[in-house]
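Working through the structure, step by step
Below, each chain spelled out in residue letters.
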Amino acid sequence: MDDLTKYRLENFDWCKKHREKMGAEKFIEFTDAAYRLGADLNPGSFFRVREWCKKPENYDLFIKSLCYLILYPPPGAAFLFSDDYEIFRRVPTYEEVTQLIHKPIKKTTNK
């Protein structure tokens, strides 16, 4: 099985390389779809990279697009990869955790 760690983001040269290879429109369509897939995860949710990206020739761009999401997440969101880059996860932020902890408990009346 292919080692996915080799596709991690190390610099931004990948943008130009993939844009020239695919054409600007397909590049934007692919990276936007990967970004939205990750950004739409609920806190604590995850997916397996190989289940969403079926073609090994697309692993590089898919993983780098998700790395970009880690670096530039939507406000109030945080993401990470597993050490082997097999799993992409949205992690609860400090604010989300504290909201759960400090959520008021509704009192029930005993009748």
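The model shown is predicted, which means the values in this text are computed figures rather than measured ones.

Criteria and cut-off values
- Residues numbered from 1 in each chain as written.
- Predicted model: local features only at pLDDT ≥ 70, side-chain atom pairs only at ≥ 80, totals over all residues.
- Heavy atoms only, no water.
- Core = buried A, V, L, I, M, F, W, Y, C linked by side-chain atoms within 4.5 Å.
- Buried < 20%, exposed > 50% of the residue type's maximum accessible area, 1.4 Å probe, protein only.
- Helix = DSSP H or I, 4+ residues; strand = E, 2+ residues; numbered from the N terminus.
- Contact = heavy atoms within 4.5 Å.
- Pairing = 2+ DSSP bridges.
- Axes fitted to C-alpha atoms, helices over the stretch in contact; angles between N-to-C directions.
- Parallel < 35°, antiparallel > 145°, perpendicular 65-115°, else oblique.
- Left-handed = near helix turned anticlockwise from the far one by under 90°.
- Nonpolar A, V, L, I, M, F, W, Y, C, P; charged D, E, K, R; others polar.

**A closer look at the nonpolar core**
The tendency in soluble globular proteins is for nonpolar side chains to be buried side by side. Ranked by size, the top nonpolar core spans 23 residues in total, and within it Leu4, Phe62, Ile63, Leu66, Phe81 and Phe88 carry the most contacts. Looking at this core, the elements with two or more residues in it are α1 (13-22), α2 (24-39), α4 (59-71) and β2 (78-81). Examining the composition of this core, we find that 7 residues originate from one element, α4, more than from any other. Those residues within four positions of Ile63 in sequence are excluded, and the remaining contacts are Leu4, Tyr7, Arg8, Val49, Phe81 and Tyr85.

**Focus: the pairing of β2**
Only one face of β2 is covered, namely the one carrying Phe79 and Phe81; the face carrying Ala78 and Leu80 has none of its residues buried. Relative to strand β3 (residues 87-91), β2 runs antiparallel, the two being bridged by 4 bridges. Each residue of the ladder has a partner; that of Phe79, found in β3, is Arg90.

**Remarks on the packing of α2 against α4**
Taken N-terminus to C-terminus, the directions of α2 and α4 make an angle of 55°; their axes are 9 Å apart at the nearest point. As judged from the angle between their axes, α2 and α4 are oblique. Helix-helix and strand crossings are classified by hand; for α2 and α4 the assignment is right-handed. From α2, Phe27, Phe30, Thr31, Ala34, Tyr35, Leu37, Gly38 and Ala39 reach across to α4, where they touch Leu61, Phe62, Ser65, Leu66, Tyr68 and Leu69. Split into classes, the residues belonging to the contact of α2 with α4 amount to 11 nonpolar, 3 polar and no charged.

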